[in-house]
Amino acid sequence: MAAGNIDEVVDGLAEVVRDARRDGDRIGYFAALYRQVTVEVRTAIHQGQFDDGARMDRFDTYFGNRYFAAYDAWRRDRSGPRCWREAFGLLDDSDTVIVQHLLLGVNAHINLDLAVAAARTCPGASIHALRRDFLLINDILGRVVLEVQDSIDALSPLLSLLDRIGARTDERILDFSIRRSRQEAWHDAVLLAGQTEEEQAETIERLDIRAAVLARLIARPGGLVRPALELISATESDDVPAVVAHLDRAMERPAARRSTDD
């Protein structure tokens, strides 16, 4: 699949989520998070929050197509970027917990795809004009991931064990991981925007290798994290379609709460 604009990105992600709910496929975990972020970005574009809404539409479309290309390559012949192969390769592993699947998707999409999409949208010196809009997405991501984190807490009652053993260095593991990754992605985007095609290919290869190494650490952590994850896995929901549906409704719950409060 390939999107021509942000509306088609949202539609494509919704299709992935629908198929995942039908098939009981954990690929729907990250797709549900990503769909909601994209919907919020689209809303911000329509509300004029970005300096250049048309540019942000192009940016988000390039970004989404990176995910779709990795998804299609994996489905076709188990190929694609290393970091996405690491993420997709654990979809059938019932011992990998919900938050790990989300972090594996976040790692691949932000530590590799985001910088590539930004540099393609704004090559050369024009990359610097993108900075404010690029950073504005952090606020949108933060709002979505807080709601998704609450969804995970409801599905995975022992997730707080990661706090107790010091594995989480922030109150919200998803928010912390995304914010740090996006800071690095901006520097990588500026680097890529100023490079030749040959240099870009080398940089993208390096970013993919780094993200793949991080994916392995997320998937197979050492120390006390491993037994904690085993306990978390034993107590969280194993109903994949229900988990996908729950995650995909994360942004509906705060709206419902606001309506009730009114």
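Residues numbered from 1 in each chain as written. Predicted model: local features only at pLDDT ≥ 70, side-chain atom pairs only at ≥ 80, totals over all residues. Heavy atoms only, no water.

Engineer: Describe the confidence of the model for the chain, listing the residues and the values that go with them.
Structural biologist: In the predicted model, the chain carries a mean pLDDT of 87, and the fraction of residues at 70 or more is 88%. The spread of mean pLDDT over the elements of the chain runs between helix H12 (residues 252–261), the lowest at 53, and helix H1 (residues 6–23), the highest at 98. A low-confidence stretch, residues 167–174 stays under pLDDT 50, and its non-local contacts, those more than four residues away or across chains, total 26 contacts. Note on residues 256–262: pLDDT under 50 across the span, and 1 contact to partners over four residues away in sequence or across chains. (pLDDT = per-residue confidence, 0-100. Helix = DSSP H or I, 4+ residues; strand = E, 2+ residues; numbered from the N terminus. Contact = heavy atoms within 4.5 Å.)

Engineer: Pulling in residues and values, what's your account of the packing of aromatic side chains?
Structural biologist: Applying the stated criterion across every chain yields a total of 13 aromatic pairs. Considering the side-chain rings of Trp 74 and Phe 88, the 6.0 Å spacing of their centres and the 40 degrees angle between planes classify their relative orientation as tilted. Remark: Phe 88 occurs in helix H4 (residues 82–88) and Trp 74 occurs in helix H3 (residues 53–77); sequence separation between them is 14 residues. Summarising the burial analysis for this pair, Trp 74 and Phe 88 share the class buried. Taking 5.0 Å as the distance between ring centres and 50 degrees as the angle between the ring planes, the aromatic pair formed by Phe 134 and Trp 186 counts as tilted. Linking Phe 134 in helix H6 (residues 131–155) with Trp 186 in helix H8 (residues 173–193), this pair joins segments that are 52 residues apart in sequence. Given a relative accessible area of 0%, Phe 134 falls into the buried group. (Phe/Tyr/Trp six-rings, centres within 6.5 Å; stacked < 30°, edge-to-face > 60°. Buried < 20%, exposed > 50% of the residue type's maximum accessible area, 1.4 Å probe, protein only.)

Engineer: Quick one: what's the story with H1, residue by residue and with numbers?
Structural biologist: For H1, with 18 residues, the first-to-last C-alpha span of 26 Å sits near the 26 Å given by 1.5 Å per residue. Taken together, the buried positions of H1 are Ile 6, Val 9, Val 10, Gly 12, Leu 13, Ala 14, Val 16, Val 17 and Ala 20. Here the buried face of H1 lies against helix H2 (27–46), H3 and helix H11 (240–248). Here H1 starts with a cap whose side-chain oxygen sits 3.1 Å from the backbone nitrogen of Asp 7, and that cap is Asn 5. Gly 24, located one to two residues past H1, shows a positive phi value of around 65 degrees. (Expected span 1.5 Å × (residues − 1). Polar contact = N/O pair within 3.5 Å; in protein donor to acceptor, adjacent residues only side chain to side chain.)

Engineer: Residue-level account of unusual backbone geometry, with values.
Structural biologist: Only a minority of non-glycine residues have a phi that is not negative, and only a minority of peptide bonds are not trans. Phi angles above zero are rare outside glycine, and Arg 78 is one such case at about 60 degrees. Within the fold, Arg 78 resides in the loop between H3 and H4. Taking the relative accessible area as the measure of exposure, Arg 78 reaches 47% and is therefore partly exposed.

Engineer: For the pattern of salt bridges, give the residues involved together with the corresponding values.
Structural biologist: If you walk through the whole model with that rule in mind, you get 17 salt bridges. One salt bridge in this structure joins Asp 7 and Arg 42, with 3.0 Å as the shortest N-O distance. In this pair, Asp 7 sits in helix H1 while Arg 42 sits in helix H2, placing the two residues 35 residues apart along the sequence. Measuring nitrogen to oxygen at the nearest pair gives 2.8 Å for the salt bridge that ties Arg 22 to Asp 23. Relative accessible area serves as the criterion here: at 49%, Asp 23 is assigned to the partly exposed category. A single salt-bridge network, built from bridges that share partners, covers Asp 51, Arg 55, Arg 132 and Asp 133. (Salt bridge = Lys/Arg side-chain N within 4 Å of Asp/Glu carboxyl O.)

Engineer: Run through the packing of H2 against H3, naming residues and quoting values.
Structural biologist: In the contact formed by H2 and H3, the axes pass within 10 Å of each other and the chain directions differ by 165 degrees. Classified by the interaxial angle, the pair formed by H2 and H3 is roughly antiparallel. As for how H2 packs across H3, the hand of that crossing is left-handed. Along the contact surface, H2 presents Ile 27, Phe 30, Ala 31, Tyr 34, Thr 38, Val 41 and Ile 45, while H3 presents Gly 53, Met 56, Asp 57, Asp 60, Phe 63, Gly 64, Tyr 67, Tyr 71 and Arg 75. Taken together, the residues of the contact of H2 with H3 break down into 10 nonpolar, 3 polar and 3 charged. (Axes fitted to C-alpha atoms, helices over the stretch in contact; angles between N-to-C directions. Parallel < 35°, antiparallel > 145°, perpendicular 65-115°, else oblique. Left-handed = near helix turned anticlockwise from the far one by under 90°. Nonpolar A, V, L, I, M, F, W, Y, C, P; charged D, E, K, R; others polar.)

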